[in-house]
Amino acid sequence: MAPNPSAIPRSAMASYPATESPEVRSRIYRAYRDYFDKAERKRRWNVREDIPWDQCNPGIDPAVADVVQTFCMVELYLPDYLSKQLPQVRDNRGRAWMLANWGYEESKHSLALEDWLVRSGHRTEKQMEQVADGVFEREWQLRYNHPLASVIYTMFQELSTQLNYRNLRAVAGGRCPALDKVLELVMIDEAAHAQFFRQLVGIYLEADREATLEQFRLVAGTFAMPADHLLADGHRRVAEVKALKIFDEQVFYVEVFQPLMQRLGLTRADLRRKKVVPAA
Ligand SMILES: [Fe+2]
Ligand SMILES: [Fe+2]
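Here is a short report on the structure shown in this document. (Residues numbered from 1 in each chain as written. Chains lettered and ligands numbered in written order. Predicted model: local features only at pLDDT ≥ 70, side-chain atom pairs only at ≥ 80, totals over all residues. Heavy atoms only, no water.)

## What to know about the nonpolar core
- One finds Trp116, Met155, Phe156, Phe216 and Phe247 to be the most contacted residues of the largest nonpolar core, which totals 87 residues.
- If you tally residues by element for this core, the top one is helix H7 (residues 177-207), at 16 residues. (Core = buried A, V, L, I, M, F, W, Y, C linked by side-chain atoms within 4.5 Å. Buried < 20%, exposed > 50% of the residue type's maximum accessible area, 1.4 Å probe, protein only. Helix = DSSP H or I, 4+ residues; strand = E, 2+ residues; numbered from the N terminus.)

## Some thoughts on helix H11 (residues 249-263)
- Given a rise of 1.5 Å per residue, 15 residues ought to cover 21 Å, and the 20 Å separating the end C-alpha atoms of H11 matches this to within 8%.
- Residues of H11 that are buried: Val251, Phe252, Val256, Phe257, Leu260 and Met261.
- At the N-terminal end of H11, a side-chain oxygen is found 3.1 Å from the backbone nitrogen of Gln250, two or three residues along, and the residue is Asp248. (Expected span 1.5 Å × (residues − 1). Polar contact = N/O pair within 3.5 Å; in protein donor to acceptor, adjacent residues only side chain to side chain.)

## Here we look at the layout of surface pockets
- A volume near 650 Å³ is recorded for the largest pocket.
- If you trace the largest pocket, you find 31 residues lining it, with Asn164, Ala224, Met225, Pro226 and Ala227 closest to the centre.
- Elements with a contribution of two residues or more to the lining of the largest pocket: helix H2 (62-75), helix H3 (78-89), helix H4 (93-119), helix H6 (147-172), helix H9 (226-230), helix H10 (234-243) and H11.
- Broken down by element, the residue count for the lining of the largest pocket peaks at seven residues, all from H6.
- Split by residue class, the lining of the largest pocket holds 16 nonpolar, six polar and nine charged.
- Within this model, the second largest pocket holds a volume of roughly 340 Å³.
- The wall of the second largest pocket is formed by 15 residues, among which Tyr35, Lys38, Arg43, Ala192 and Gln195 lie closest to the centre.
- Sorting the residues of the lining of the second largest pocket by element identifies helix H1 (22-43) and H7 as the ones contributing at least two each. (1 Å grid on protein atoms, 1.4 Å probe; cavity = no way out; pocket = protein on both sides within 12 Å on 5 of 7 lines; lining within 4 Å. Points joined across faces, edges and corners; volume = space filled by probe spheres on them. Nonpolar A, V, L, I, M, F, W, Y, C, P; charged D, E, K, R; others polar.)

## Focus: unusual backbone geometry
- Even without a glycine there, the phi angle at Lys245 is positive, about 60°.
- For Lys245, the position within the fold is in the loop between H10 and H11.
- Exposure remark for Lys245: the relative accessible area of 66% places this residue in the exposed category.

## Structural notes on the packing of aromatic side chains
- Under the defined criterion, the tally for this structure stands at 15 aromatic pairs.
- Three or more aromatic residues joined by ring pairs make a cluster, and in this case those are Tyr144, Tyr153, Phe156, Phe216, Phe223, Phe252, Tyr253 and Phe257.
- The ring of Tyr29 has Arg93 sitting right over it, with the charged end atom 3.8 Å from the ring centre. (Phe/Tyr/Trp six-rings, centres within 6.5 Å; stacked < 30°, edge-to-face > 60°. Lys NZ or Arg CZ within 6 Å of the ring centre and 35° of its normal.)

## Concerning the coordination of the iron ion (ligand 2)
- The protein atoms that coordinate the iron ion (ligand 2) are Glu106 (OE), Glu158 (OE), Glu158 (OE), Glu190 (OE) and His193 (ND1), at distances of 1.9 to 2.8 Å.
- We note that the donor set of the iron ion (ligand 2) lies within a single chain, spaced as E-x51-E-x31-E-x2-H.
- Taken as an interatomic distance, the gap from the iron ion (ligand 2) to the iron ion (ligand 1) is 3.9 Å; Glu106 donates to each of them. A residue pair is termed long-range when its members are at least 10 positions apart, and Glu106 in helix H4 and Glu190 in helix H7 qualify at 84 residues. With respect to burial, Glu106 and Glu190 carry one shared label: buried. (Donors = N, O, S within 2.8 Å, 3.2 Å for Na, K, Ca; no water.)

## A few points about the packing of H3 against H6
- Running from N to C, H3 and H6 cross one another at 130°; their axes reach a closest spacing of 9 Å. Of the possible angle classes, the one that applies to H3 and H6 is oblique. The handedness of the crossing between H3 and H6 is left-handed. Along the contact surface, H3 presents Gln85, Gln88 and Val89, while H6 presents Pro147, Ser150 and Thr154.
- By residue class, the composition of the contact of H3 with H6 is two nonpolar, four polar and no charged. (Axes fitted to C-alpha atoms, helices over the stretch in contact; angles between N-to-C directions. Parallel < 35°, antiparallel > 145°, perpendicular 65-115°, else oblique. Left-handed = near helix turned anticlockwise from the far one by under 90°. Contact = heavy atoms within 4.5 Å.)

## Concerning empty space enclosed by the protein
- For the structure shown, the criterion picks out three cavities of 30 Å³ or more.
- Volume-wise, the largest cavity comes out at about 90 Å³.
- Lining the largest cavity are Gln85, Gln88, Val89, Arg95, Met98, Leu99, Ser150, Val151, Thr154, Phe196, Phe197 and Leu200.
- At the level of elements, H3, H4, H6 and H7 are the ones that each hand at least two residues to the lining of the largest cavity.

The following block contains the structure:
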């Protein structure tokens, strides 16, 4: 039996009424269909079959394995990422379907990273169970209470994540073919995510430049990767990532912030608030 909408408490329904025009939603949905069709054609991979698990090198630097665990922990917050972002976009089909598909792709990342940690002998299954339990003792919270800010944040975060995996792969230096393949596959997924969310921000900029810039300023000024404040030992883990030269503020500025500004056709002037001229 279909539920009677009037019987559903307001808080359980869309707490974020649609702000996009039908044209914008239809552009977003078309972008999602293109993304999905391409992913089905070119990017699907299998955790069990597409990684050379018989070529796991247990001799990898333990510091590299620890960063693999850090990234795995961040990926493990998937239930929070989905359950908190979906209500923001439940009545926007393109964005809601994207979150469902994005969740499937992200779910494989923690599986592959965890499998590598166990198969390479750097962690036991028991240890990984404890890691997962520890992760769920904390809860990821939405950083921005606005669906437009969320998509901008996700754009920054996905490109940052791609670079984290790319640079970890470079540090690992191909000494473990299994890890190399895991990081390559995950990195390619993250690049596709970053590209899709950038495309979305471009659509929003065209549709409502001022509202999008307002949220862009907010996110650009307050951006932080989840690991820092989310994980119990986040500060130590972020410091380890910096020490290995995988990701830091400089990488963010030069390889995330600046290229995204450029690709979106934005300048510093766009990030300055317009002065309100008082009426004479
Ligand atoms: Fe991921
Ligand atoms: Fe991603």
